[in-house]
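Take a look at the letters that make up each chain.
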Amino acid sequence: MTSLFPVLSRSFFVGLLLVAGVATTAQAQAPLPPEIAARSYLLIDMTSNQTLAERDADAPSDPASLTKLMTAYVVFTALHDKKLSLEQTLSVSRRAWDERKGGGSLMFIDTTMTPSVDELLKGMIVQSGNDASVALAEAVGGTLDQFVAMMNRQAQAWGLKNTAFKNVTGLTEPGHKSTARDLAVIAGHIIRDYPKEYAYYSLKDYKYNNISQPNRNLLLRRDPSVDGMKTGYTEAAGYCLIASAQREFPNLGAGGTGGGPRRLLSVVLNTTSMEARANESQKLLNWGYQAFETVRLFEVDSVVTTVPVWKGKTDQAKLGANGALFVTMPKGEGGKLQTKVERTDPLVAPLVKGQRVGTIKVTTAAGTAVTDVPLVVLAPVETAGVFGRAWDAVRLWIK
């Protein structure tokens, strides 16, 4: 979920979800974001993959327990690869038990217990247990060092150049760093890649060994549209929160008709208190929903245009966007968007599905460019027989 957009001030840059490698081409006027009392912050519309607001989103920061997002992602991957099962019980090592000496959050497991993977995930995600994080990391990686290497390889695979992990818990350590933007990428991958496991982040509390602890994400109890994600705190990091909300909106259908869910993701780093991180996150989420609207211009596999094909078994090709196309605009502007197709002419078979043959240009009613989207072949067109190719060759020559 890499952002395509620079820092916002009085301008707003538009992008897409599900259409990879597309850069924006123009800017449109947008409301100013509210004042946010955090050292750095970021707000992303995950439905369109657009950055709505940010400040110092690439500044290195101590991620505290937001680190556990990557810890969880690596464990979720192991579960999907059948290297672990939720029902599997794990022994608790002395190293995991030693987290009691570190002063961080705990699930309160000890070496006499054999918690299940499911219980440890709840302990790590809901209770932010450092001991649970270590137990899971040892089970997946064999050693903590090997698991941390797995975390860093995943970060590199996503292109997170400003992130380096030194431990699995988020305790302050030299060289252990991330940024608001990189953390948003990790959070986005959990939501998209592992939607079933993402449900852990909506749990409001968890009880283990007769010790009940609440989820420290206060928005889970204040805003019914918030369904995750993760809190963090160290003295170096301050109070941090990544929050995600999903609300239903009436304009997300194809062409702006019909309803659908719209998801926002906020990141606030280095605030002054638990209450402050919740309030600043809520402020960002509410502003994002109130100041902008997201419109679905095309459904998945929606035919944008049908055009003639030469030397093919069929004489027409169906063309469209490579996936559903969403665009977020300042409120009131979404319904004014227009599209124009520019394509290769003539089109000559064979054509393969997904082959780019042109561009869909999205503009405002005034003609201001919003973004360019690849125009691709939606269904393959095979080459015609010898006679068909010869006949079309003559027609093309005459044309």
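Here, every reference points to the structure presented above.
Along every chain, residues carry numbers that run from 1 in the direction the sequence is written. Reporting in this predicted model follows two pLDDT cut-offs: at least 70 for local features of residues, and 80 or more for side-chain atom pairs to be given and counted; totals over whole chains, interfaces and linings ignore these cut-offs and use all residues. Processing note: side-chain calculations cover all non-hydrogen atoms of the structure and skip hydrogens and water entirely.

## Description of the nonpolar core
For the record, the criterion: Throughout, nonpolar core names a set of buried Ala, Val, Leu, Ile, Met, Phe, Trp, Tyr and Cys residues whose side chains join them through atoms within 4.5 Å. Each residue's exposure class comes from its accessible area (1.4 Å probe, protein chains only) as a fraction of the maximum for that residue type: buried when under 20%, exposed when over 50%, partly exposed otherwise. Secondary structure follows DSSP: runs of H or I at least 4 residues long count as helices, runs of E at least 2 residues long count as strands, and numbering of each begins at the N terminus. Pairs of residues are marked as contacts when any of their non-hydrogen atoms sit within 4.5 Å.
Judged by nonpolar contacts, the single largest core of 63 residues is most densely connected at Met70, Phe76, Leu121, Tyr201, Met229 and Ile242. For this core, the element with the highest residue contribution is helix α1 (residues 68–80), accounting for 9 residues. Once you skip the residues sitting within four places of it in the chain, Leu121 turns out to touch Val75, Phe76, Leu79, Leu86, Val126, Leu136 and Tyr200.

## Comments concerning helix α6 (residues 180–193)
Under the convention used in this document: Between the first and last residue of a helix there are one fewer steps than residues, each counted as 1.5 Å, and that sum is the expected span.
Here α6 is 14 residues long and its end C-alpha atoms lie 20 Å apart, about the 20 Å a rise of 1.5 Å per residue gives. Summarising burial for α6: 12 of the 14 residues are buried, a large majority. Among the residues of α6, Ala180, Arg181, Asp182, Leu183, Ala184, Val185, Ile186, Ala187, Gly188, His189, Ile190 and Ile191 are the ones counted as buried.

## Comments concerning unusual backbone geometry
Here the bond from Gly228 into Met229 is cis, since omega is 20°, no more than 30 degrees from zero. Mapped onto the fold, Met229 is located in strand β7 (residues 226–234). The linkage connecting Ala349 with the following residue, Pro350, adopts the cis geometry, with an omega of 5°. The residue Pro350 is located in the loop between β14 (338–343) and β15 (356–363) in this model. Here the phi dihedral of Lys82 falls at roughly 65°; this positive angle occurs in a residue that is not glycine. Here Lys82 lies in the loop between α1 and α2 (94–97). Its relative accessible area of 72% is what places Lys82 among the exposed residues. Here the phi dihedral of Asp301 falls at roughly 60°; this positive angle occurs in a residue that is not glycine. By the secondary structure assignment, Asp301 is in the loop between β10 (292–298) and β11 (305–308).

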